[in-house]
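Architecture at a glance
These are the residues of each chain, in order.
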Amino acid sequence: MKTENQKAWFFVLPVLVLVAFNALIPMMTVVNYSVQETFGDNVFFWQGLDWFEQILRSDRFHAALGRQFLFTFLILIIEVPLGIIIALSMPRKGFWVPVCLVTMALPMLIPWNVVGAMWNIFTLPDIGLLCYFLNHVLGITYDMTQNPLAAWVTIVTMDVWHWTSLVVLLSYAGLVSIPDAYYQAAKIDGASNWAVFRFIQLPKMKTVLTIAILLRFMDSFNIYTEPFVLTGGGPGNSTTLLSIDLVKIALGQFDLGPAAAMSLIYFAITLLVSWLFYTLMTKDDLN
Amino acid sequence: MQKRSIIPIVYILFLMLPIYWLVAMSFKTTNEILSGFSLFPQTFTLENYVTIFTDPSWYWGYINSIIYVSINTVISVAVALPAAYAFSRYRFLGDKQLFFWLLTNRMAPAAVFALPFFQLYSAVGIFDTHLAVALAHCLFNIPLAVWILEGFMGGIPKELDETAYVDGYSFPRFFGTIFIPSIKAGVGVAAFFCFMFSWVELLLAKTLTAVAAKPIAATMTKTASSAGYELGLLAAAGTLTIIPGAIVIWFVRNYIAKGFAMGRV
């Protein structure tokens, strides 16, 4: 049982100071910009909530938000089941376990722009391995720089390549914590593979899967570097996800007001959806 | 059992293909790359690697990255340890709210913060230093470190603390000589994750540096745009960025799965 002790605040103080310095001051700057207009030279005019209204009504924002939700939805419905299947078929003990874990974790430790550059080299027309294989061996016309569908398939495949291992490692951690006795009991009862999965393995993986889905949601919703390096948001605007659009407005056009308002709306949506996911997935535990 | 192992094998092959292609490219000459498709390097060359190891603007990129990643890992773990102890052992006013607020910082898109960070760090005069990047990465690494460490500390029975106090240990001595050694694995895992997220992040690191502390990732993006089509060099630089991660991962391989599960399975 935890004891009540207000002095514990002293222990969290360094964390509080460091995180607050990084979170509150920039956040206040963003809020400040979001209600003002500037023509440079540090001259600002009060603008009220106009920027928020403008962003919420703009087709450009709706389109980027739609693409963002589509991207996040696609990678979640591919990565989560795929990750569970791979975790289920991995060896539980022996020499191959560390080999699997290390090779699978490798993509996650590559800097994000290198991931983008690597996939760029992999899919270059005529000299990229994937592109060459598809065009010359399978005879499928594939050109990521011209065809929006090909660009989408590429960025989704890249994310699956990059992050499915996170789901695998988490599910695997849940699986190895199941005592053998559970499986023996299931065998005596003559349970099918599906029943073992549904009533023994899935419930044990639930906590870690919640963490996996939350992390994957947050990170894919904020994804910037990899698709930016790979497609630059193109062809056209077809792969311009929210972050890419935001950076274009903020640093490309230097429209600080609209960019700040968009940042706040963006952050609010991420928070809201994360909270919804979290409450939905932990609802059963509370009842 | 044998049939099942096909799935991980296929998956690992899929993971290795783009990495193989990057490594293969790094051993090719620019001529060979541009002249057409070849599955293996025809004229094997180390020229790209020689360029990187002899040009200071290249190898300093690696040194800069390693410096700020190390500073960040040390700061994050050092301040997260007492905080995680407080969260795992005590109830105090606003503890749950504080914990949740810390986690929300993990959700903020880095793109949101890029410009304000630039202004903040310029204003306090540490723009373009390793410390600036290390501090900025604390935003998402400290909450993660607290989360992981709290999970590991929760697994240590409270009796350990009480026995130590009865035996006359002062708090700092107990914390340093008994408690931290008993959650070694947790400290390793937390440090690993801080290393990982600081190493792979580019947007903030690039925004907060100009010349003196420029990370390797930023050097690579400059090359890609300015020097035209030096694919071999880019591939070699990319290959080298994989190595530190691979080394670190080998050391913590037994704790990875546990760390992702935050000790809460």
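Residues numbered from 1 in each chain as written. Chains lettered and ligands numbered in written order. Predicted model: local features only at pLDDT ≥ 70, side-chain atom pairs only at ≥ 80, totals over all residues.

**Re the overall build of chain B**
- A count of helices and strands for chain B gives 14 helices and 1 strand.
- With the C-alpha coordinates of chain B rotated into their principal frame, the extents come out at 75 × 60 × 30 Å.
- Looking at the 265 residues of chain B, the share that counts as buried comes to 48%.
- Sequence separation of 24 or more characterises 80% of the internal contacts of chain B that already satisfy a separation of 6 or more. (Helix = DSSP H or I, 4+ residues; strand = E, 2+ residues; numbered from the N terminus. Buried ≥ 20, exposed ≤ 12 C-beta atoms within 10 Å, placed from the backbone. Contact = placed C-beta atoms within 7 Å.)

**Considering the overall build of chain A**
- Within chain A, the secondary structure is distributed over 12 helices and 3 strands.
- Each of the three principal axes of chain A carries a C-alpha extent, and together these read 75 × 70 × 30 Å.
- Counting over 287 residues, chain A shows a buried share of 40%.
- Contacts spanning at least 24 positions in sequence make up 71% of the contacts within chain A whose residues lie at least 6 apart.

**Examining the interface of chain B and chain A**
- The interface is formed by 79 residues belonging to chain B together with 74 residues belonging to chain A.
- Sort the elements by how many residues they give to the side of chain B that touches chain A and helix H1 (residues 6-26) of chain B lands first, with 11 residues.
- Across the side of chain B that touches chain A, the residue classes tally to 63 nonpolar, 9 polar and 7 charged.
- Pairing between strand S1 (residues 3-4) of chain A and strand S1 (residues 90-91) of chain B: 2 bridges, direction parallel. (Nonpolar A, V, L, I, M, F, W, Y, C, P; charged D, E, K, R; others polar. Pairing = 2+ DSSP bridges.)

**Details of the environment of Ser220 of chain A**
- The topology assignment puts Ser220 of chain A in helix H9 (residues 193-221).
- Every residue in contact with Ser220 of chain A, bar those within four places of it in the chain, is listed here: Phe71, Thr72, Ile75 and Asp159 of chain A.

**A short note on the packing of helix H1 (residues 8-34) of chain A against helix H7 (residues 130-154) of chain B**
- At a closest axis distance of 9 Å, the pairing of H1 of chain A and H7 of chain B adopts a crossing angle of 135 degrees. Taken together, the axis directions place H1 of chain A and H7 of chain B in an arrangement best described as oblique. Judged by the twist between their axes, the crossing of H1 of chain A over H7 of chain B is left-handed. Contacts between H1 of chain A and H7 of chain B involve Val15, Leu18, Val19, Asn22 and Ala23 of chain A on the former and, on the latter, Leu135, Ala136, Cys138, Leu139, Ile142, Pro143 and Val146 of chain B.
- The class makeup of the residues in the contact of H1 of chain A with H7 of chain B is 11 nonpolar, 1 polar and no charged. (Axes fitted to C-alpha atoms, helices over the stretch in contact; angles between N-to-C directions. Parallel < 35°, antiparallel > 145°, perpendicular 65-115°, else oblique. Left-handed = near helix turned anticlockwise from the far one by under 90°.)

**Notes on the nonpolar core**
- Grouped together as the largest cluster of nonpolar side chains are 155 residues, with contacts concentrated most on Ile121 of chain A together with Ala80, Ala83, Ala145, Val146, Leu149 and Ala190 of chain B.
- In terms of residues, this core owes the most to one element, H7 of chain B, which gives 17 residues.
- Residue-level mapping places this core at the junction of two domains, with at least three residues from each of domain 1 (1-45) and domain 2 (54-227 + 234-260) of chain B.
- In this view, Ala83 of chain B contacts Phe11, Val12 and Val15 of chain A together with Val146 of chain B; residues no more than four positions away in its chain are not counted. (Core = buried A, V, L, I, M, F, W, Y, C linked by C-beta atoms within 7 Å. Domains from an automatic or database assignment.)

**Quick look at the packing of helix H4 (residues 56-89) of chain B against helix H10 (residues 184-200) of chain B**
Residue and element names in this part refer to chain B.
- Across the interface, H4 lies against H10 with an axial gap of 9 Å and an inter-helix angle of 140 degrees. By the angle class used here, H4 and H10 are oblique. Taken as a pair, H4 and H10 cross one another with a handedness that is right-handed. Across the interface between the two elements, Ser65, Val69, Asn72, Thr73, Ser76, Val77 and Ala80 of H4 pack against Val187, Ala190, Ala191, Cys194, Phe195, Ser198 and Trp199 of H10.
- Considered class by class, the residues forming the contact of H4 with H10 number 9 nonpolar, 5 polar and no charged.

**Examining the domain arrangement of chain B**
All names here are of chain B.
- Structurally, chain B comprises domain 1 (1-45) and domain 2 (54-227 + 234-260).
- For domain 1 versus domain 2, the distance between C-alpha centres works out to 32 Å.
- With 4 residues of domain 1 in contact, the opposing surface of domain 2 contributes 4 residues.
- For the side of domain 1 that touches domain 2, a count of residues per class yields 3 nonpolar, 1 polar and no charged.

**Details of the environment of Ala145 of chain B**
Residue and element names in this part refer to chain B.
- Secondary-structure assignment places Ala145 in helix H7.
- Judged by the 30 C-beta atoms lying within 10 Å of it, Ala145 is buried.
- Counting along the chain gives 46 residues from Ala145 to Ala191, while the straight-line C-alpha distance between them is 7.6 Å.
- Non-local contacts of Ala145, meaning those with residues more than four positions away in its chain, are made with Ser76, Val77, Ala80, Ala190 and Cys194.

**Some points on unusual backbone geometry**
Residue and element names in this part refer to chain B.
- The backbone of Asp128 shows a phi angle near 65 degrees, a positive value even though the residue is not glycine.
- Within the secondary structure layout, Asp128 lies in the loop between helix H6 (110-123) and H7.
- Classification of Asp128 by C-beta neighbours within 10 Å gives partly exposed; the count is 15.

**Remarks on the confidence of the model for chain B**
- With 92% of its residues at a pLDDT of 70 or more, chain B has an overall mean of 84.
- Scored as a whole, the predicted complex attains pTM 0.86, and scored at its interfaces, ipTM 0.84. (pLDDT = per-residue confidence, 0-100.)

**What to know about H1 of chain B**
- With 21 residues, H1 of chain B should cover 30 Å at 1.5 Å per step; its first-to-last C-alpha distance of 30 Å lies within 8% of that length.
- Inspection of H1 of chain B places Pro8, Tyr11, Pro18, Trp21, Leu22, Met25 and Ser26 of chain B among the buried residues, and these make up the whole buried set. (Expected span 1.5 Å × (residues − 1).)

**What to know about H6 of chain B**
All names here are of chain B.
- Here H6 is 14 residues long and its end C-alpha atoms lie 19 Å apart, about the 20 Å a rise of 1.5 Å per residue gives.
- Of all the bends found along H6, the most pronounced is centred on Pro116 and spans about 35 degrees.
- Most of H6 sits inside the fold, with 10 of its 14 residues counted as buried.
- Listing the buried residues of H6 in full gives Ala110, Ala111, Val112, Phe113, Ala114, Leu115, Pro116, Phe117, Leu120 and Tyr121. (Bend = angle between axes of the 7 residues up to and from the residue.)

**Brief notes about the environment of Asn113 of chain A**
- With respect to the helices and strands, the residue Asn113 of chain A is situated in helix H5 (residues 112-122).
- Overall, the presence of 28 C-beta atoms within 10 Å leaves Asn113 of chain A in the buried class.
- Spatially, the C-alpha atom of Asn113 of chain A lies 19 Å from that of Gly252 of chain A, the residues being 139 residues apart in sequence.
- Contact partners of Asn113 of chain A, with chain neighbours within four places excluded, come to Thr225 and Val229 of chain A together with Leu202, Ala217, Met220 and Thr221 of chain B.

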